[in-house]
Amino acid sequence: MALLRNLSTKFSTMMKASSSSSSSSSSSMTRTQTPKNAYSFSFTFLSHFSTNPVEEKPCVKPVVEYSGLEPTRAHEKPRVVVLGSGWAGCRLLKGLDTSVYDIVCVSPRNHMVFTPLLASTCVGTLEFRSVAEPIGRIQPAISREPGSYFFLANCTHIDAHNHMVHCETVTEGVETIAPWKFRISYDKLVIALGSQPSTFGIQGVKEHAFFLREVHHAQEIRRKLLLNLMLSDVPGISVEEKQRLLHCVVVGGGPTGVEFSGELSDFIMRDVRQRYAHVKDYIRVTLIEANEILSSFDDRLRRYATKQLTKSGVRLVRGIVKDVKAHKIVLSDGSEVPYGLLVWSTGVGPLPIIQSLDLPKSPGGRIGVDEWLRVPSVHDVFSIGDCSGFVESTGRQTLPALAQVAERQGKYLAALLNKIGKAGAGHANSAKEIGFGDPFVYKHLGSMATIGRYKALVDLRQGKEAKGLALAGFLSFFIWRSAYITRVVSWRNRFYVFVNWITTVIFGRDISRL
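Quick summary incoming for the structure in this document.

Reading the values: the criteria
Residues numbered from 1 in each chain as written. Predicted model: local features only at pLDDT ≥ 70, side-chain atom pairs only at ≥ 80, totals over all residues. Heavy atoms only, no water. Helix = DSSP H or I, 4+ residues; strand = E, 2+ residues; numbered from the N terminus. Buried < 20%, exposed > 50% of the residue type's maximum accessible area, 1.4 Å probe, protein only. Contact = heavy atoms within 4.5 Å. Areas by Shrake-Rupley, 256 points an atom, 1.4 Å probe, with all protein chains shown as cover. Polar contact = N/O pair within 3.5 Å; in protein donor to acceptor, adjacent residues only side chain to side chain. Pairing = 2+ DSSP bridges. Axes fitted to C-alpha atoms, helices over the stretch in contact; angles between N-to-C directions. Left-handed = near helix turned anticlockwise from the far one by under 90°. Phe/Tyr/Trp six-rings, centres within 6.5 Å; stacked < 30°, edge-to-face > 60°. Salt bridge = Lys/Arg side-chain N within 4 Å of Asp/Glu carboxyl O. Expected span 1.5 Å × (residues − 1). Arc of directions from axis to C-beta. Right-handed = clockwise from strand over helix to strand, strands pointing away. Nonpolar A, V, L, I, M, F, W, Y, C, P; charged D, E, K, R; others polar.

### So, the overall build of the protein chain
Thought 1: Helices and strands together make up the secondary structure of the protein chain, namely 14 helices and 24 strands.
Thought 2: Going through the 514 residues of the protein chain one by one, you find that 46% of them count as buried.
Thought 3: Partitioning the contacts of the protein chain with sequence separation of at least 6, the portion at a separation of at least 24 is 66%.
Thought 4: As displayed, the protein chain has an accessible area near 27300 Å², and 54% of this comes from carbon and sulfur atoms.

What follows is the structure in structure tokens.
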């Protein structure tokens with residue numbers, strides 16, 4: 001028995017020593033381990049996985065010389081980095097010659113939004129996927145070519161003198177990993193970051209209003225609209241609260257605001273009054289504009305739009321918004337307008353990243369470019385779309401922030417870059433002596449807008465004071481739909497849009513709140 005007690009005592013002592021040693025080792029590793037964000041990002045692939053036992057080796061911090069994409073070498077294809085996936089950036093991606101360039105696109109979204117049809121998705125006329133085109137379909141090379149990539153990230157800084165872009169990955173929610181920072185070296189850089197909604201510094205707009213520029217904006221508007229419809233039908237809701245919940249206010253009388261108001265009034269007339277009979281007399285739409293609606297259109301078309309919108313039940317108010325509160329907006333004359341849904345569509349302005357860049361600026365704060373869409377004072381940097389404007393030295397006026405302007409610039413720059421690359425000047429700092437040819441010239445093809453009830457406006461004048469064809473009514477609505485369905489990027493989405501239109505005519509709009 002004494003022998004057994006002696007062995008038990010020795011065994012307990014050995015176990016305690018082993019536990020103490022393990023705890024000390026673990027504590028040491030905790031103090032000396034490398035933080036998660038300290039590891040560099042490298043574009044490598046695992047060669048294979050093995051199921052055989054692997055000999056344990058000491059943990060060694062990996063040494064990576066470059067966190068991102070290194071500069072291209074002389075024998076490699078030059079790299080074009082495109083920042084943004086809007087109208088300008090996607091048209092450029094589509095037109096670039098992938099036999100000449102490797103293409104890298106950096107954007108916080110992996111699709112292009114067909115914005116002229118975005119208002120139709122808010123009320124169920126079209127499905128959301130019908131207006132979103134994946135980047136991989138627009139330019140297949142970024143999915144299959146070894147030197148081309150798409151990165152879901154935001155650009156945080158541009159080092160134009162070292163031909164380098166600093167990026168940070170996009171993450172959502174509190175459970176995701178921390179944003180990952182990396183760098184990309186470029187031979188040619190195209191900035192097509194677009195713009196942001198302009199709030200004019202009015203307090204409360206960002207907190208309480210909805211914008212209409214992205215698919216998720218349309219989804220939020222649709223969910224809010226249907227939620228208000230269902231809440232207003234609950235027993236016990238006062239008449240005053242019903243009127244507030246079902247009051248949809250649109251601020252901004254441009255094409256986007258007018259088209260959304262028309263779609264919303266059409267939705268109310270044809271669907272809400274049938275399926276929400278108990279509250280049909282409370283729902284209404286108000287469009288607030290400081291000046292005239294559709295100011296860029298012909299006077300006759302503006303009067304026609306005003307008449308048709310009023311006939312559809314849209315109340316037009318001329319005023320300036322002074323303050324936005326949780327359930328009401330305050331106008332400059334002191335009057336208050338209660339609302340259940342507020343959509344803000346008053347124009348656009350430059351993004352914070354554009355304002356922070358140490359690059360020449362055009363009037364209005366956009367990135368300044370010359371006649372060939374180059375950014376002066378730096379080499380191999382171009383800018384197109386809503387984020388760019390001509391510098392004062394060119395003597396040209398800044399072009400409006402329109403989809404057709406951005407698309408035309410993307411097409412022109414793709415042809416220019418292809419020409420530079422085929423001339424052997426695609427690599428960094430090698431295009432200084434290359435003749436760029438004809439400068440970019442924009443010719444306005446006209447404007448179109450739908451106003452609901454199968455009616456639209458078509459203004460084919462090249463300028464506000466120029467003469468040209470101006471149509472309104474059902475024929476214009478047919479032209480509007482025909483033009484836009486041909487401009488949808490892929491045949492797949494054209495088919496989706498056509499089927500959605502037919503389905504809406506036959507069965508009405510879907511009012512499910514998903």
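### Thoughts on the side chain of N418
Thought 1: Mapped onto the fold, N418 is located in helix α12 (residues 403-422).
Thought 2: Side-chain polar atoms of N418 contact the backbone nitrogen of D97, separated by 2.9 Å.
Thought 3: Apart from the residues within four sequence positions on either side, N418 is in contact with G95, L96, D97 and Y101.

### So, the sheet that holds strand β22 (residues 447-452)
Sheet strands line up and pair through hydrogen bonds in the backbone, either parallel or antiparallel.
Thought 1: The sheet built from 3 strands is open, its strands ordered β22-β23-β24 with antiparallel pairing. Lying at the two open borders of the sheet, with one neighbouring strand each, are β22 and β24 (470-473). Neighbour-to-neighbour, the strand axes of this sheet turn through a mean angle of 10 degrees, independent of strand direction.
Thought 2: Here 5 bridges tie β22 to strand β23 (residues 455-459), and the two strands are oriented antiparallel to one another. Residue pairing for β23: T450 is matched across the bridge by A456.

### A closer look at the sheet that holds strand β11 (residues 247-251)
Thought 1: Reading across the sheet, the 4 strands line up as β13-β12-β11-β17 and stay open at both edges, with parallel pairing between neighbours. Two strands lie at the open edges of the sheet, namely β13 (314-318) and β17 (341-344), each paired on one side alone. Strand after strand, the sheet turns through a mean of 20 degrees between neighbouring axes, direction not considered.
Thought 2: Each of β11 and β17 touches helix α7 (residues 215-231); the most contacted strand, β17, lies at about 155 degrees to it.
Thought 3: With respect to the sheet, helix α9 (residues 255-275) is in contact with β11, β12 (284-289), β13 and β17, its orientation differing from that of β12 by roughly 170 degrees.

### Some words on helix α2 (residues 87-95)
Thought 1: Regarding α2, the residues found buried are W87, A88, G89, C90, L92 and L93.
Thought 2: Looking at the buried positions of α2, the neighbouring elements they touch are β2 (79-83), β3 (102-107), β4 (111-113), α4 (135-138), β9 (188-191) and α12.

### Digging into the packing of α2 against α12
Thought 1: Viewed as axis vectors pointing N to C, α2 and α12 meet at an angle of 30 degrees, and their least axial separation amounts to 7 Å. The two elements α2 and α12 cross, and the hand of that crossing is right-handed. Along the contact surface, α2 presents W87, A88, R91, L92 and G95, while α12 presents A403, A406, E407, G410, K411, L413, A414, L417 and N418.

### Remarks on the packing of aromatic side chains
Thought 1: Scanning all chains against the criterion turns up 9 aromatic pairs.
Thought 2: Measuring from ring centre to ring centre gives 5.5 Å for Y149 and F151, while their planes differ by 15 degrees; the resulting arrangement is stacked.
Thought 3: Y149 sits in the partly exposed class, given a relative accessible area of 22%.
Thought 4: The class of F151 is buried, set by a relative accessible area of 10%.
Thought 5: By the ring-pair criterion, three or more aromatic residues cluster together here, those being W87, F114, Y454, F474, F477, W480 and Y484.

### Comments concerning the pattern of salt bridges
Thought 1: Following the criterion strictly, the structure yields 18 salt bridges and no others.
Thought 2: Where K325 meets D323, a salt bridge forms, and the shortest distance between an N and an O atom there is 3.2 Å.
Thought 3: Close ionic contact of K328 with E336 constitutes a salt bridge, the shortest N to O distance being 3.1 Å.
Thought 4: Residue class for E336 comes out partly exposed when judged on its relative accessible area of 48%.
Thought 5: One network of salt bridges, in which partners are shared, links D266, R270, D271, R275 and R509.

### Focus: α7
Thought 1: Counted at 1.5 Å a residue, the expected span for α7 with its 17 residues is 24 Å, and the 24 Å between its end C-alpha atoms agrees.
Thought 2: Here α7 has its buried residues at V215, H217, A218, I221, R222, L225, L226, N228 and L229. Mapping the buried residues of α7 onto a view down its axis gives an arc of 160 degrees, with all of them on the same face.

### What to know about the environment of F297
Thought 1: Here F297 is to be found in the loop between β12 and α10 (299-311).
Thought 2: A residue is classified by how much of its surface remains accessible, and F297, at 2% relative accessible area, is buried.
Thought 3: Along the backbone, F297 and P255 are 42 residues apart, and their C-alpha atoms lie at a distance of 9.6 Å.
Thought 4: Discounting residues that sit within four places of it in the chain, F297 has contacts with P255, R302, S447, M448, A449, L457, D459 and R461.

### Concerning the pairing of β3
Thought 1: With respect to burial, β3 is a largely interior element, 6 of its 6 residues being buried.
Thought 2: The alternating pattern of β3 places D102, V104 and V106 on one face and I103, C105 and S107 on the opposite face, and all of these are buried.
Thought 3: Running through α2, the crossover from β2 to the neighbouring parallel element β3 is right-handed.
Thought 4: One ladder, built from 4 bridges, connects β3 with strand β6 (residues 149-159); its direction is parallel. Paired with S107 across the strands is L152, a residue of β6.

### Considering the side chain of D271
Thought 1: Along the chain, D271 turns up in helix α9.
Thought 2: Those residues within four positions of D271 in sequence are excluded, and the remaining contacts are D266, G508 and R509.

### Looking at the pairing of strand β8 (residues 181-185)
In summary, the side chains of a regular strand alternate between the two faces of the sheet.
Thought 1: With 2 bridges connecting them, strand β1 (residues 68-69) and β8 associate as parallel partners. By the bridge assignment, L69 is partnered in β8 with I184.
Thought 2: In the sheet, strand β7 (residues 164-169) pairs with β8 via 5 bridges, with the strands oriented antiparallel. Directly across from E168, in β8, lies its bridge partner K181.

### A few points about the packing of α7 against α9
Thought 1: The interhelical angle for the contact between α7 and α9, taken along N-to-C directions, is 40 degrees, at an axis separation of 14 Å. Of the two possible hands of crossing, α7 and α9 adopt the one that is right-handed. Residues I221, L225, L226 and L229 of α7 form the contact with α9, whose participating residues are F260, L264, F267 and V272.
Thought 2: The residue makeup of the contact of α7 with α9, split by class, is 8 nonpolar, no polar and no charged.

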